[in-house]
Amino acid sequence: MNPVLLSMAVVALLVTGLPPAVQAADEPLPYRLKRVAEGLEFPWSLAFLPDGRMLVTERPGRLRIVGADGRLSAPVRGVPKVFAERQGGLLDVVLDPAFARNHRVYLSYAEAGADGQAGTAVARGTLAGDRLEAVEVIYRQLPKADGGLHFGSRLAFAPDGTLFITQGDRYLHKDQAQTLDNDFGKTVRINTDGSIPVDNPFVKTAGARPEIWSYGHRNMQGAAIHPQTGQLWTHEHGAMGGDEINVDEAGRNYGWPVITWGVNYDGQPIGIGVERAGMEQPQHYWTPSIAPSGMAFYTADRFPAWRGNLFVGSLKFGYLNRITLDGATVVAQQPLLTELEARIRCVRQGPDGLLYVTTDSPQGQILRLEPAP
């Protein structure tokens, strides 16, 4: 058997927790891989500039510009100092929807606080050549907490121009994902200047943080706006099993850690089981965990058979997961890029209609999937 197809078959066998109706698609690979850039230290996210260049974040705290020839710039100046411990560091990067006019860039990152504590934060600045100017922090997760785990964090602009920020429960504080007086385990929604939209679901709820959009999440490292419905889709890491995809709706409770399809790392149960009244079921879950990161809907024409598919990176098994949808239901999955044996961190559709991924490594790469000749 072709080694690539054999590798795909092995991964399909590993993903044994799929509901019975979901099978790994058995189709020829229609792509070839092109290395765009290399020599990046844990590249976390990509954003495409209008002139064909890219911005890429490196988790230790650097933002670089990638030229059309793949050359990396020196680190962009003006990036906020990050808390670069364990899962913390410089995370997502997105452009303002009006970037052509205002040149604004948004960064999510782990920010240090007092006494070694840290939390997720978001800053924006104006890209001017090789530096960010007028940098301001527009969001801080409150309170900050000990430890270097579960910061999230992805950024996604809603069709109305508001900004969604996904976050983690900060690991040691998972129970607080169920309470509304903090930002642990929450998706939040803000205006681009950091102010609170007046139609957020908990604006008028006594004791609740007004930025909260949804709650009961564990560690969300994927977010994308559905191209037809305009809804926010997210995914999050479970513990041992129970990684989830959710259609993330205003005011909803997604259950963590009261309900989950996973168990603790020692095999002990978490919470009360897999369902409870008033708590949402995932749109899809993976058991065993694939450790998802990055998320993109494919909407272009370069891969006609992939139009409408959802793509998610797997850190644990080292593949790009192509997910076929029927509406909001997962009907098939196909592991791609298994030949790399590399952790896939970021997934983006480029303005050229091609798919781009980053590999999570001290010598990380940006790779592009192109139609096979």
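The structure presented is a predicted model; accordingly, all values stated were derived computationally and were not measured. Sequence positions are assigned chain by chain, starting from 1 and proceeding in written order. Per-residue local features of the predicted model are confined to residues with pLDDT of at least 70, and side-chain atom pairs are confined, for both listing and counting, to 80 or more; whole-chain, interface and lining totals are unaffected and use all residues. Only heavy atoms go into the side-chain values, all of them from the structure, while hydrogens and water stay out.

A. View of the pairing of strand β16 (residues 243–248). Among the six residues in β16, six count as buried, and that is most of the element. Neither face of β16 is exposed, since Asp243, Ile245 and Val247 on one face and Glu244, Asn246 and Asp248 on the opposite face are all buried. Summarising the sheet, strand β15 (residues 232–237) and β16 pair through five bridges and their orientation is antiparallel. Residue pairing for β16: threonine 234 is matched across the bridge by asparagine 246. Whether two strands pair depends on DSSP finding at least two bridges between them. Going along the chain from the N terminus, every DSSP run of H or I of four or more residues is numbered as a helix, and every run of E of two or more is numbered as a strand. Remark: five residues form the turn of the hairpin made by β15 and β16, two consecutive strands paired antiparallel; glycine 241 in that turn has positive phi of roughly 90 degrees. Across three bridges, β16 lies against strand β17 (residues 284–286) in antiparallel orientation. Across the sheet, the residue bridging to aspartate 243 is tryptophan 286, located in β17. Per-residue accessibility, obtained with a 1.4 Å probe over protein chains only, is compared with the maximum for each type, and a residue is labelled buried under 20%, exposed over 50%, and partly exposed between these values.

B. Geometry of the packing of aromatic side chains. Two rings from Phe, Tyr or Trp (for Trp, the six-membered ring) form a pair when their centres are within 6.5 Å of each other. A pair whose planes differ by under 30 degrees is stacked, one over 60 is edge-to-face, and the rest are tilted. Tallying each qualifying case throughout the model produces 13 aromatic pairs. Taking the centre distance of 6.1 Å and the plane angle of 65 degrees together, the rings of tyrosine 298 and phenylalanine 303 count as edge-to-face. One exposure class covers both tyrosine 298 and phenylalanine 303, and it is buried. Each member of the aromatic cluster is reached from another via a ring pair, and the members are Tyr31, Tyr298, Phe303, Trp306 and Phe311. The criterion for a charge sitting over a ring is simple: Lys NZ or Arg CZ within 6 Å of the ring centre, and within 35 degrees of the ring normal. Over the face of the ring belonging to phenylalanine 42 we find arginine 59, whose NZ or CZ atom lies 4.6 Å from the ring centre.

C. Just the sheet that holds strand β5 (residues 62–66), in detail. The antiparallel open sheet is built from three strands, whose spatial order is β3-β4-β5. In this open sheet, the two strands that pair with only one neighbour each are β3 (43–48) and β5. For this sheet, the mean angle separating the axes of adjacent strands, direction not counted, is 20 degrees. In terms of strand pairing, strand β4 (residues 54–58) meets β5 through five bridges, oriented antiparallel. Looking across to β5, one finds that methionine 54 is bridged to valine 66. Note on geometry: axes are lines fitted to C-alpha atoms, helical ones only across the stretch in contact, with angles between N-to-C directions running from 0 to 180 degrees.

D. Highlighting the nonpolar core. Put simply, a nonpolar core is a bunch of buried Ala, Val, Leu, Ile, Met, Phe, Trp, Tyr and Cys residues held in one set by side-chain atoms that sit within 4.5 Å of each other. Judged by nonpolar contacts, the single largest core of 28 residues is most densely connected at Trp306 and Ile366. Taken together, the elements giving at least two residues each to this core come down to β2 (31–40), β3, β4, β22 (344–349), β23 (355–359) and β24 (364–371). The leading source of residues in this core is β2, at four residues. The contact rule is simple, with two residues in contact once any of their heavy atoms fall within 4.5 Å. Setting aside chain neighbours within four positions, we find tryptophan 306 in contact with Pro30, Tyr31, Tyr298, Phe311, Arg322, Leu336, Leu355 and Leu369. Counting 19 residues, the second-largest nonpolar core is a separate cluster that includes Leu55, Ile65, Val93 and Ala121.

E. Quick look at the layout of surface pockets. Volume-wise, the largest pocket comes out at about 810 Å³. Lining the largest pocket are 28 residues, with Phe48, Val94, Leu95, Arg348 and Gln349 positioned closest to its centre. Split by residue class, the lining of the largest pocket holds 22 nonpolar, four polar and two charged. Put simply, the second largest pocket is a space of about 410 Å³. Forming the boundary of the second largest pocket are 24 residues, of which Gln87, His237, Tyr265, Ala291 and Leu315 lie nearest the centre. Side-chain classes are defined by residue name, with Ala, Val, Leu, Ile, Met, Phe, Trp, Tyr, Cys and Pro counting as nonpolar, Asp, Glu, Lys and Arg as charged, and the others, Gly among them, as polar. Residues that form the lining of the second largest pocket fall into these classes: seven nonpolar, nine polar and eight charged. Method remark: on a 1 Å grid restricted to protein atoms, a set of points is classed as a cavity if a 1.4 Å probe fits but cannot get out and as a pocket if it is open with protein on both sides within 12 Å along at least five of seven lines; lining residues have an atom within 4 Å of a point. Grid points are joined across faces, edges and corners, and a volume is the space filled by probe spheres set on the points.

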